[in-house]
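The primary structure of each chain is shown beneath.
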Amino acid sequence: MSDGHPFQGNWVVRLYERVRERGYDSLTAFADARPAVPLHLLAKELGRDDVAGVQVLRGLLAEAERRKQVTRFVRDVLTRLWTQSVPDGWPAVLDDANRFKVAKALGSWTAYTPETHEERVSRAGDALLATPPPPGWRPLGPDDELLLTLLPDEDV
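Residues numbered from 1 in each chain as written. Predicted model: local features only at pLDDT ≥ 70, side-chain atom pairs only at ≥ 80, totals over all residues. Heavy atoms only, no water.

Asks: Help me understand the overall build of the chain, please; the structure alone is not making it clear to me.
Replies: Summing up its helical and strand segments, the chain has eight helices and zero strands in all. Along its sequence from the N terminus, the chain presents helices and strands in the succession α-α-α-α-α-α-α-α. Computed over C-alpha atoms, the radius of gyration of the chain comes to 16 Å, within 12% of the 15 Å expected from 2.2 N^0.38 for 156 residues, which places it in the range of a compact globule. Each of the three principal axes of the chain carries a C-alpha extent, and together these read 50 × 35 × 25 Å. (Helix = DSSP H or I, 4+ residues; strand = E, 2+ residues; numbered from the N terminus. Rg over C-alpha atoms; globule rule 2.2 N^0.38 Å.)

Following this line, the structure appears as structure tokens:
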């Protein structure tokens with residue numbers, strides 16, 4: 001039992017018990033059924049008081065590493081962060097307020113990226129800023145066409 005604190009007790013066991021209770025055999029399957037939903041909301045669904053977004057992130061990364069799908073994980077994280085920070089999609093005007101939203105999403109993405117992918121994510125973020133997508137663009141999942149172009153699958 002966690003007593004309402006995400007890191008008390010065996011949180012990994014608790015996380016996977018909650019996933020199985022909802023009918024999924026993996027955290028990835030649970031998350032995939034909720035594309036672009038921010039990590040903190042996935043955590044809230046799994047345990048209002050005793051699951052944290054960072055635990056969901058760590059679990060998804062561990063599964064991606066086992067499946068050799070880390071690049072897909074990295075794209076998936078951006079879709080979730082984008083929904084949270086820039087919910088209306090790429091802004092038509094990159095004024096100070098919108099620049100902050102975009103920077104927050106891209107900065108968080110970089111922070112949550114495994115070391116193996118940091119350089120690729122940095123280049124992808126630079127490419128988005130240098131050649132912005134159309135206004136309103138927002139990735140709806142890890143297989144978004146633009147994200148696949150910027151960060152294609154490869155074994156790393």
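Asks: What is the right way to read the layout of surface pockets from this model?
Replies: Roughly 160 Å³ of volume is contained in the largest pocket. Lining the largest pocket are Leu94, Arg99, Val102, Ala103, Leu106, Trp109, Thr110, Val121, Ser122, Gly125, Asp126 and Leu129. For the lining of the largest pocket, the secondary structure elements donating two or more residues are helix H6 (96-112) and helix H7 (118-130). Grouping the amino acids of the lining of the largest pocket by side-chain chemistry returns seven nonpolar, three polar and two charged. (1 Å grid on protein atoms, 1.4 Å probe; cavity = no way out; pocket = protein on both sides within 12 Å on 5 of 7 lines; lining within 4 Å. Points joined across faces, edges and corners; volume = space filled by probe spheres on them. Nonpolar A, V, L, I, M, F, W, Y, C, P; charged D, E, K, R; others polar.)

Asks: Mind showing me how you'd approach empty space enclosed by the protein here?
Replies: One water molecule sets the probe size; rolling that probe over the atoms shows where empty space is left. What the rule picks out here adds up to one cavity of 30 Å³ or more. The computed volume of the largest cavity comes to approximately 100 Å³. Lining the largest cavity we find Thr28, Ala31, Asp32, Leu60, Ala64, Arg67, Gln69, Arg72, Phe73, Asp76 and Arg80. At the level of secondary structure, the elements contributing two or more residues to the lining of the largest cavity comprise helix H2 (27-32), helix H4 (53-67) and helix H5 (70-85). Among the elements that take part in the lining of the largest cavity, H5 stands out by supplying four residues, more than any other. When its residues are assigned to classes, the lining of the largest cavity shows four nonpolar, two polar and five charged.

Asks: Sorry, what's going on with the packing of aromatic side chains here?
Replies: Scanning all chains against the criterion turns up three aromatic pairs. Note on Tyr24 and Phe30: the rings are 5.7 Å apart at their centroids and 80 degrees apart in plane angle, and the pair reads as edge-to-face. Residue Tyr24 is classed as partly exposed on the basis of its relative accessible area, which comes to 23%. Here Phe30 falls in the buried class, since its relative accessible area comes to 0%. Ring geometry for Trp82 versus Trp90: centroids 5.6 Å apart, planes at 10 degrees, classification stacked. (Phe/Tyr/Trp six-rings, centres within 6.5 Å; stacked < 30°, edge-to-face > 60°. Buried < 20%, exposed > 50% of the residue type's maximum accessible area, 1.4 Å probe, protein only.)

Asks: Mind showing me how you'd approach the pattern of salt bridges here?
Replies: A pair can form between side chains of opposite charge whenever their charged atoms are brought close. Following the criterion strictly, the structure yields 11 salt bridges and no others. The closest approach of N and O atoms between Arg18 and Asp50, which form a salt bridge, is 2.7 Å. Linking Arg18 in helix H1 (residues 11-21) with Asp50 in the loop between helix H3 (39-46) and H4, this pair joins segments that are 32 residues apart in sequence. The two residues Arg18 and Asp50 agree in class, both being buried. We note a salt bridge from Asp143 to Arg75, for which the minimum N-O separation is 3.7 Å. Here Asp143 is found in the loop between H7 and helix H8 (145-150), whereas its partner Arg75 is found in helix H5, with 68 residues between them in sequence. When its relative accessible area of 48% is taken as the criterion, Asp143 is described as partly exposed. (Salt bridge = Lys/Arg side-chain N within 4 Å of Asp/Glu carboxyl O.)

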